[in-house]
Amino acid sequence: MPYALLIVEPIGQRAARSEAEGRQAYASMVDFAQTLKAQGKLLAVESLQSEGKATRVSVRGGRAQALDGPYAEAKEMVGGFYLLDVATRDEAVAIARQCPAVDFATVEVRECAPCHVL
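The sections below set out a description of the structure shown in this document. All values derive from a computational prediction rather than experimental measurement. (Residues numbered from 1 in each chain as written. Predicted model: local features only at pLDDT ≥ 70, side-chain atom pairs only at ≥ 80, totals over all residues. Heavy atoms only, no water.)

Description of the side chain of glutamate 9
- If you trace the backbone, glutamate 9 turns up in strand 1 (residues 2-10).
- At a separation of 3.0 Å, a polar atom in the side chain of glutamate 9 contacts the side chain of arginine 14.
- Ignoring sequence-local partners within four residues, the contact set of glutamate 9 consists of Arg14, Lys75, Glu76, Met77, Gly79 and Ala105. (Helix = DSSP H or I, 4+ residues; strand = E, 2+ residues; numbered from the N terminus. Polar contact = N/O pair within 3.5 Å; in protein donor to acceptor, adjacent residues only side chain to side chain. Contact = heavy atoms within 4.5 Å.)

So this is what it looks like as structure tokens:
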């Protein structure tokens, strides 16, 4: 059963780190991914650029709009994700608790499902 672990981090947190701190945090996340891959539980993993390099696209009233970041109203951003293949939600939550990101961000556990499923 696929679950996504979304790494939700405060805006500006990355800029506040030294390069060495950033590299150390990234290395711990890569190590975590390698462990999950070795266990056969990892489907995909990616780190995402900061919100300042993002673009939001929407269509309202038939008109497409694109808004480049950063976004003044945002307090958090999705900084990356792990896509897991695990048997249960409890297993996904247990893995999230082991994720190094819990020390500097919130790890949101979401089951993957069609958007019409409540």
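So that's the structure; there's more coming.
Describing the nonpolar core
- Ranked by internal contacts, the top residues of the largest apolar core, which has 18 residues, are Ile7, Tyr82, Leu84 and Cys99.
- Secondary structure elements with two or more residues in this core: strand 1, helix 2 (19-38), strand 5 (76-85) and helix 3 (89-98).
- Apart from the residues lying within four places of it in its own chain, the contact partners of leucine 84 are Met1, Pro2, Tyr3, Leu5, Leu36, Lys41, Leu42, Leu43, Ala92 and Ile95. (Core = buried A, V, L, I, M, F, W, Y, C linked by side-chain atoms within 4.5 Å. Buried < 20%, exposed > 50% of the residue type's maximum accessible area, 1.4 Å probe, protein only.)

Remarks on the pattern of salt bridges
- Applying the stated criterion across every chain, the model contains five salt bridges.
- Glutamate 73 serves as the salt-bridge partner of arginine 56, at 2.9 Å between the closest nitrogen and oxygen. Of this pair, arginine 56 sits in strand 3 (residues 55-60) while glutamate 73 sits in the loop between strand 4 (63-68) and strand 5, placing them 17 residues apart in sequence.
- Taking the relative accessible area as the measure of exposure, arginine 56 reaches 41% and is therefore partly exposed.
- Residue glutamate 73 is classed as exposed on the basis of its relative accessible area, which comes to 55%.
- The salt bridge involving arginine 110 is made with glutamate 108; its shortest N-O contact spans 3.0 Å.
- By relative accessible area, which is 47% here, arginine 110 ends up partly exposed. (Salt bridge = Lys/Arg side-chain N within 4 Å of Asp/Glu carboxyl O.)

Some details on the state of the cysteines
- Within this structure, the stated rule accounts for zero disulfides.
- Cysteine 99 takes part in no disulfide bond, and the closest cysteine sulfur, belonging to cysteine 112, lies 16 Å away.
- Lacking any disulfide linkage, cysteine 112 is separated from the closest cysteine sulfur, that of cysteine 115, by 13 Å.
- Taking the relative accessible area as the measure of exposure, cysteine 112 reaches 33% and is therefore partly exposed. (Disulfide = S-S within 2.5 Å.)

Concerning unusual backbone geometry
- Cis geometry is adopted by the peptide bond preceding proline 70, which originates at glycine 69 and carries an omega value of 5 degrees.
- Considering the arrangement of structural elements, one finds proline 70 in the loop between strand 4 and strand 5.

Brief notes about the environment of leucine 43
- With respect to the secondary-structure elements, leucine 43 resides in strand 2 (residues 42-47).
- Residues leucine 43 and leucine 84 lie 41 residues apart in sequence; the distance between their C-alpha atoms is 5.4 Å.
- Setting aside its immediate chain neighbours within four residues, leucine 43 contacts Pro2, Leu83, Leu84 and Asp85.

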